[in-house]
Amino acid sequence: MIELAIFLPLIGGVIAGVFGTRMGDRASQLVTTVPMLIAATLSCYLLWDVGLQGNERTIQLFTWIDSGALELNWALRFDTLTAVMVFVVNVVSSMVHVYSIGYMSHDAHKPRFMAYLSLFTFFMLSLVTADNFVQMFFGWEGVGLMSYLLIGFWHDRPSANAAAIKAFVVNRVGDFGFMLGILGVFFVFGTLDFDAVFKAVPDVAGQSFEFLGMDVDILTTICLLLFIGAMGKSAQIGLHTWLPDAMEGPTPVSALIHAATMVTAGVFMVARLSPMFEFAPIALSVVVLIGGTTAFFAATIGLTQHDIKRVIAYSTCSQLGYMFFALGVGAYPAAIFHLMTHAFFKALLFLGAGSVIHGMDDEQDMRKMGGLFSKMKVTAVLMWIGSLALAGVPFFAGFYSKDMILESAFAAHTGLGMYAFWAGIAAALMTAFYSWRLLFLTFHGRTRADDHTFDHAHESPPVMIAPLLVLALGAVFSGYLAKEYFVGHDMNEFWGGSILMLHNIIEEAHHVPFWVKKLPILVGVIGIFAAFVMYILKPNWPAAFVARIRPVHTFVYNKWFFDELYDRVFVRPSFVLGRGLWKSGDGAVIDGVGPDGIAAATRNLAGRASRLQSGFVYHYAFAMLIGLVLLATWFLFGFFR
Amino acid sequence: MIIQALAFYLFAAVAVASGVMVISARNPVHSVLFLILAFFNSAGLFILIGAEFLAMILVVVYVGAVAVLFLFVVMMLDINFAEMREGFLQYLPIGALIGIILAAELILVFGSWVVSPEAAQVLTAPALPAGDLTNTHALGNIIYTEYIYLFQSAGLVLLVAMIGAIVLTLRHRPDVRRQKISDQVERKREDVIEIRDIPTGSGV
Amino acid sequence: MDIVSDIAVIRPELFVAIAGMVMLMFGAFRGESSTKFIYWLGVGVLVVAGVLVLAGPTGTSLAFNAQFVVDDFAVFVKVLLLIGAALALILAMPFNLREGIDQFEFPILIIFAVLGMMMMVSANDLMSLYLGIELQSLSLYVVAAIRRDTLRSSEAGLKYFVLGALSSGILLYGMSLVYGFAGTTNFEGLATLFAADSEASIGVVVGLVFIAAGLAFKVSAVPFHMWTPDVYEGAPTPVTAFFAVAPKIAAMALFVRVMLEPFGALVLEWQQVIWFISLASMLLGSFAAIVQTNIKRLMAYSSIGHMGFVLVGLAAGSEEGVTGILVYLTIYLFMNIGTFACILAMRRGGRMVEDIDSLAGLSKTNPMLAGALALFMFSMAGIPPLGGFFAKLFVFRAAINAELYVLAVVGLLTSVVGAFYYLRIIKVMYFDEAAEPFDKGLGREITVLVTVTVIVTTFFFIGLAPVLSGAEAAAAVLFAV
């Protein structure tokens, strides 16, 4: 029964994908959306059953691979962590499905889009329900593929294709690390089943191998390799460059894949592998460092961007940084808690932004918006809710989870923990600022849109607003309702055996000094107020301020020059190398000597061979005699030798 | 004995010399004539070893029929021999080289000839019961018994040669008038002669 | 020395000879109007001869002072070449009647050529071998020139005749050397002589080289192949089709028998000759074919290449190799007949076209024909699971087991080169801009022939087992001491 929650999206997606063009748009929307809604309902039940009733279980489906020492089963592992993820994925996905019916109403390829969405959901579900590394990798690559297809959904746009390829290639870097990690796990543990590996981890901890004359800790190495995979998927600093570009995809895709689900796969993976990471403290430190840095760095960029979706994208990047440093300090439940609340409010923000874009004739530049509150009140209110949740304003969902993370970081009492804490505080300030910058620029003040666009700006249809309402409920209440289970008193019963914490940092986080608890709220309010001053009261201040700090702004506006750096360091040398290998290596040497050379030689030989055929009968007779004499001579010499 | 030896060397020398002349003579008619000379000398050689039937056949068939036919063909065909010779000279060096190599090899081969001990015995033993059988009779004796299969096959080869010659040369030319005696005999007066009254003065 | 038992052994040959003469009489008295009937009569004679061959004495039987032999090998090959000749005759009939080659002698000459081939295959003496060859060759010279009014056909016949006479001379010279040094012309006699004498005399070896050269001419192996492209191109297409199969099969069988029976003990000597001509044939056959534009010339080089592959099996000098040869010849027969049937269908405005380019876009104008021709080309290139693949498989396996690695490697490489020009035809048919379509209506005979050969080529693997066991039994005869 519960398997349906996993396989309904697959069925819907395959039907829509194969028969979509014949069934028509409406039918394919129904055939994907209805199963998704059923699956979402089932996953609510699943969360209740597994999380609250504690019915953890693993459903063996079939033997997948049985080759020598490697035996893998296809199994659905339902523990609380999975149940939470399935719940998040299915609920957000079903809302996005519904929303897409409205958002994509003008698109010519609706069946394909719906099929992609459903298939993506299936891959994501198989990732989170994985019972072993390879099954997880299957889902991991599957979501990567669907992400590629969906970013490049409008394949007639060069920028979309470029973005899709970029996302794919950058993810390959991460996936390569992930793959090496999986191979390392198999090499060290001899199995890829989670349970068996987790059981064996304490024995392996502390062992080391020699590499280039250094002793390297085995578990740390494996965890770092796996974390590289997580960095790629979750767009952490260094491998983050694809995420903003991925906004080329349709907005529902951004909401589903690049905010709520796929990008959190890295977070999920580290949480799932907590029994391994817990024994690799150095790897955890790296996670804290990367997470804290990403949180801060992405927030700074978010301050300067003009594209409404890019602002939210960098915000996502930044929030993922929060989750990672929470993981790094060992506060896995806090990270997953934030993952869930973030999924709701970030999907809400994205879909809201989509609603704005939809209503503004595909305009995405905030400099050409403003004053839209009067035109689309519902959307504006919902965006406000999302932003309040994001900024961590009390009693909204983000408040509980974000504070928990910051408190955990503080409670870690390590140097890196403090670094992450202050980076997080700074990021919280900036988050509040750019969220309200977005709101003010979009909905308030005087409009900067041209008259035509502004006059035609309109509220979205109910089919788009309804999902927003559902997500808004989540953004408002999910934090308050879930906090006792996720990070409160019922935490241990709730999580069961799905997460291992060697020492309970959450418990310590409840006992941090008062100022630590209130500081995030304070900076949030300061950020909102600053945005209000700069964009409502004194709209000319931002320009003046930017002029004052021109070099810093340029640096930040250009995304810390990461793209340019990569272009110089990796892309162009690769191009030069590739071109060189192609032209001189492949073209001149391999083709020249190989296929082309042999072909030319063959042609040459063929020409000679057929020139022998002169047509004169005495030439022929002569050739026969020469051949005869040669053979006879050969024999005579052979005979006398 | 000495006369026999002398005759052998005479015939042999003339045969080889005329063989050379066949290919080196400028006039093709001379070539054919030298060919006939070579045949005659070969026939002489056959007689020396007591194969008079073969000698006669050689003279009758090759000299009497084949070579004379050759002569006719050469004289009737208009072949530009000067042109052919140019080609001959062009290929002479390499042709000579090949020829010399081949000759050298064959000399090597014959140099290794070993006469088996029984050969002398076989040679001295009379091939035929002396006096009883003529050459022709003896040949007939084995051709129609031991070698009947080969003999009949050779006959088939000749049959095919005959068919081939007819197929490739016989032409039915509709525009050539032939005498058909039966037609002539069967012709009736009414078929060919018509008598008409033509008024005088009106013309035909 | 019982003439009755001798005749029982040569019953099929005797029947063919007498039937040929009867047909000749019939034609001579009935004139040109009976040509079509004589064609069918010829086909019937070949079929009956096939039945007689199969109904002949089992095991090995000698006749006429051991000048003639019938054994499993002879039976296998005779059946093969009778099938080939019958198919070629059926193929020739509509073409010849349409093109004005209406001499009733044509089928009769084919019949006599087949008789010569049967005699070759059954030869057990150098003399009967020579007579068989001459009977066959003489008939072939004539049919090559049968279109006596066209320059190319006459030229083909003349070239074939002159060079054939030269090769006959070489062959005879070799035979006389062997006779001079060995003292016998009988195969068994030679075999016992060489088996007893460990060191072969130089005269015999040179004679052997000459004989091999003469036979290599008949199978058109390099460097005695020069006549092949010109004759294939010049002769009327059905004649070419006949040339490509029956004489090749007979000559190859004769080659195998001569090398393995009388000279079996000298395998180390002749293996080098065969090795060389096989290598040269494979190389030339594949390379020279690339630049051909005329499909008949292409088929000529293709057959040179195929003969090179077959000779690989002979070079192996093993029972396995001979089995491979027989399987190869079987499939070669059907592939070639099929291909030539397709070539015969290349008519435009009532005239034959022979350019490869004129096949352009055949897949659109005549998909069935294009499909059949493509299938034959794939088979010739040796693409599994078609027949051509198995043909190559067996000879190469024999070469590997005989440790002739150079031959096997060169064979594989030249197969690749060969695949190029076979695939080029497919490319022209399927991917080039469509040319003017060929005339519609292939004629019943060609349709049936193409269908049959397509089926045989495609499903050869189903019938592989019986063919293989037959070939194995035939090959075993040559190695029975």
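One can find the structure itself at the top, above this paragraph.
(A) Representation of the nonpolar core. Residues Leu129, Phe242, Phe243, Phe255, Phe263, Leu314 and Leu359 of chain C are the most contacted members of the largest nonpolar core, which totals 236 residues. Excluding its chain neighbours within four sequence positions, the residues that come into contact with Phe243 of chain C are Leu140, Val143, Ala144, Tyr160, Val231, Tyr232 and Lys248 of chain C.

(B) Up close: unusual backbone geometry. The amide bond that connects Val222 of chain C to the next residue, Pro223 of chain C, takes the cis arrangement and shows omega of 5 degrees. Mapping Pro223 of chain C onto the fold places it in the loop between helix H9 (202-218) and helix H10 (227-234). Here Pro384 of chain C and Pro385 of chain C are connected by a cis peptide whose omega angle stands at 5 degrees. For Pro385 of chain C, the location among the structural elements is in the loop between helix H16 (367-381) and helix H17 (387-401). The phi dihedral of Asp362 of chain A falls on the positive side, at around 65 degrees, and the residue is not glycine.

(C) Representation of helix H27 (residues 595-611) of chain A in the model. An ideal rise of 1.5 Å per residue puts 24 Å on 17 residues; H27 of chain A measures up with 24 Å between its terminal C-alpha atoms. Of the surrounding secondary structure, the elements contacted by the buried residues of H27 of chain A are helix H12 (267-290) and helix H18 (405-431) of chain C.

(D) Region of interest: the environment of Val245 of chain C. Residue and element names in this part refer to chain C. Counting through the fold element by element, Val245 comes out in helix H11 (residues 237-260). Once the C-alpha coordinates of Val245 and Ile83 are considered, the two residues, 162 residues apart in sequence, prove to be 9.8 Å apart. Sequence-distant contacts of Val245, defined by excluding residues within four places in its chain, comprise Gly84, Tyr332, Leu333, Asn336 and Ile337.

(E) Representation of the packing of helix H1 (residues 4-23) of chain A against helix H2 (residues 25-52) of chain A within the structure. Residues and elements named next belong to chain A. At a minimum axis distance of 8 Å, the contact between H1 and H2 shows a crossing angle of 180 degrees. One way to sum up the angle between H1 and H2 is to call them roughly antiparallel. Residue-level contacts link Leu4, Ala5, Leu8, Pro9, Gly12, Gly13, Ile15, Ala16, Gly20 and Met23 of H1 to Asp25, Ala27, Ser28, Val31, Thr32, Pro35, Met36, Ile38, Ala39 and Leu42 of H2.

(F) Inspection of the interface of chain A and chain C at higher detail. The interface of chain A with chain C comprises 25 residues on the first partner and 39 residues on the second. Of the roughly 2,700 Å² buried where chain A meets chain C, counting both sides, 83% is carbon and sulfur surface. Counting across the chain A and chain C interface gives zero salt bridges. In this structure, the connection of chain A to chain C is made through one residue pair in polar contact (both at pLDDT 80 or more). For the side of chain A that touches chain C, the secondary-structure elements that each account for two or more residues are H27 and helix H28 (617-640) of chain A.

About the thresholds
- Residues numbered from 1 in each chain as written.
- Chains lettered and ligands numbered in written order.
- Predicted model: local features only at pLDDT ≥ 70, side-chain atom pairs only at ≥ 80, totals over all residues.
- Heavy atoms only, no water.
- Core = buried A, V, L, I, M, F, W, Y, C linked by side-chain atoms within 4.5 Å.
- Buried < 20%, exposed > 50% of the residue type's maximum accessible area, 1.4 Å probe, protein only.
- Contact = heavy atoms within 4.5 Å.
- Helix = DSSP H or I, 4+ residues; strand = E, 2+ residues; numbered from the N terminus.
- Expected span 1.5 Å × (residues − 1).
- Axes fitted to C-alpha atoms, helices over the stretch in contact; angles between N-to-C directions.
- Parallel < 35°, antiparallel > 145°, perpendicular 65-115°, else oblique.
- Buried area = accessible area lost by both parts, 1.4 Å probe.
- Salt bridge = Lys/Arg side-chain N within 4 Å of Asp/Glu carboxyl O.
- Polar contact = N/O pair within 3.5 Å; in protein donor to acceptor, adjacent residues only side chain to side chain.

What is shown is where atoms sit, not what they do.
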